[in-house]
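Survey of secondary and tertiary structure
The primary structure of each chain is shown beneath.
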Amino acid sequence: VDGIYAIGDIIATPALAHVASMEAIVCIEKIAGKDVRPVNYNIVPSCIYTHPEIASVGLSEQKAIEKGLNIKIGKFQFMASGKAAATGNKDGFVKVVVDAESNVLLGCTMVGDNVTEMIAEVVVLLEKQVTTKEAIHYIHPHPTMSEGFLEAVRSVEIEN
């Protein structure tokens, strides 16, 4: 209906506060007459605040297989992370899903300390359809947990 707008739990989109917030921004900009970009519901990050934390965005390995995509997987265990060793919690991993033909990142799942803080980087890379060949050149500070993402991406390039 012209002139009627809705966001958040009232519409059939992911029921997450960060989704509703983005929907509100897009809605207000639309009402204000600005040129808006619709919310990309394919790259909504999901965060579970348990111990260890869990974060994901994009396609999981299982969803990619169900879609019939030819994929490559990269994985990095935090037990090999200097930062994880220094903080005393080496549990967890980063797993990336990559299109086998184009090398474009399709998704990422992370389990471990501070991964809910790290997933935003992957949202940007998915939005920009960055390839593994591009992503391996993005410098990550050392020692940090975020290096785990870079190492997972590198493992795709090394192992495949």
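Residues numbered from 1 in each chain as written. Predicted model: local features only at pLDDT ≥ 70, side-chain atom pairs only at ≥ 80, totals over all residues. Heavy atoms only, no water.

So, about the sheet that holds strand β1 (residues 46-48). Judged by pairing direction, the sheet is antiparallel, and its 5 strands sit side by side in the order β1-β2-β5-β4-β3 without closing on themselves. Two strands lie at the open edges of the sheet, namely β1 and β3 (71-77), each paired on one side alone. In this sheet, adjacent strand axes meet at a mean angle of 10 degrees when their direction is disregarded. Here 6 bridges tie strand β2 (residues 53-58) to strand β5 (residues 105-112), and the two strands are oriented antiparallel to one another. When the sheet's bridge partners are listed, Glu-53 is paired in β5 with Gly-112. Across the sheet, helix α4 (residues 115-127) is in contact with β1, β2, β4 (93-99) and β5; its angle to β2 comes to roughly 5 degrees. (Pairing = 2+ DSSP bridges. Helix = DSSP H or I, 4+ residues; strand = E, 2+ residues; numbered from the N terminus. Axes fitted to C-alpha atoms, helices over the stretch in contact; angles between N-to-C directions. Contact = heavy atoms within 4.5 Å.)

Moving on, we get to the pairing of β2. The sheet contact formed by β1 and β2 spans 3 bridges and is antiparallel. By the bridge assignment for β2, Ser-46 is matched with Ser-56. Once β1 ends, the chain turns through 4 residues before running back antiparallel as β2.

Another point: the environment of Thr-87. By secondary structure assignment, the location of Thr-87 is in helix α3 (residues 82-87). Residue classification places Thr-87 among the partly exposed positions, given a relative accessible area of 46%. A distance of 3.2 Å separates a polar side-chain atom of Thr-87 from the backbone oxygen of Ala-84. (Buried < 20%, exposed > 50% of the residue type's maximum accessible area, 1.4 Å probe, protein only. Polar contact = N/O pair within 3.5 Å; in protein donor to acceptor, adjacent residues only side chain to side chain.)

Enumeration over the complete set of coordinates arrives at 4 salt bridges. Taking the shortest distance from any N to any O, the salt bridge between Glu-127 and Arg-37 comes out at 2.4 Å. Remark: Arg-37 occurs in the loop between α1 (17-31) and β1 and Glu-127 occurs in helix α4; sequence separation between them is 90 residues. With relative accessibility at 30%, the residue Glu-127 sits in the partly exposed group. Taking relative accessible area as the criterion, Arg-37 reaches 56% and is therefore assigned exposed. (Salt bridge = Lys/Arg side-chain N within 4 Å of Asp/Glu carboxyl O.)

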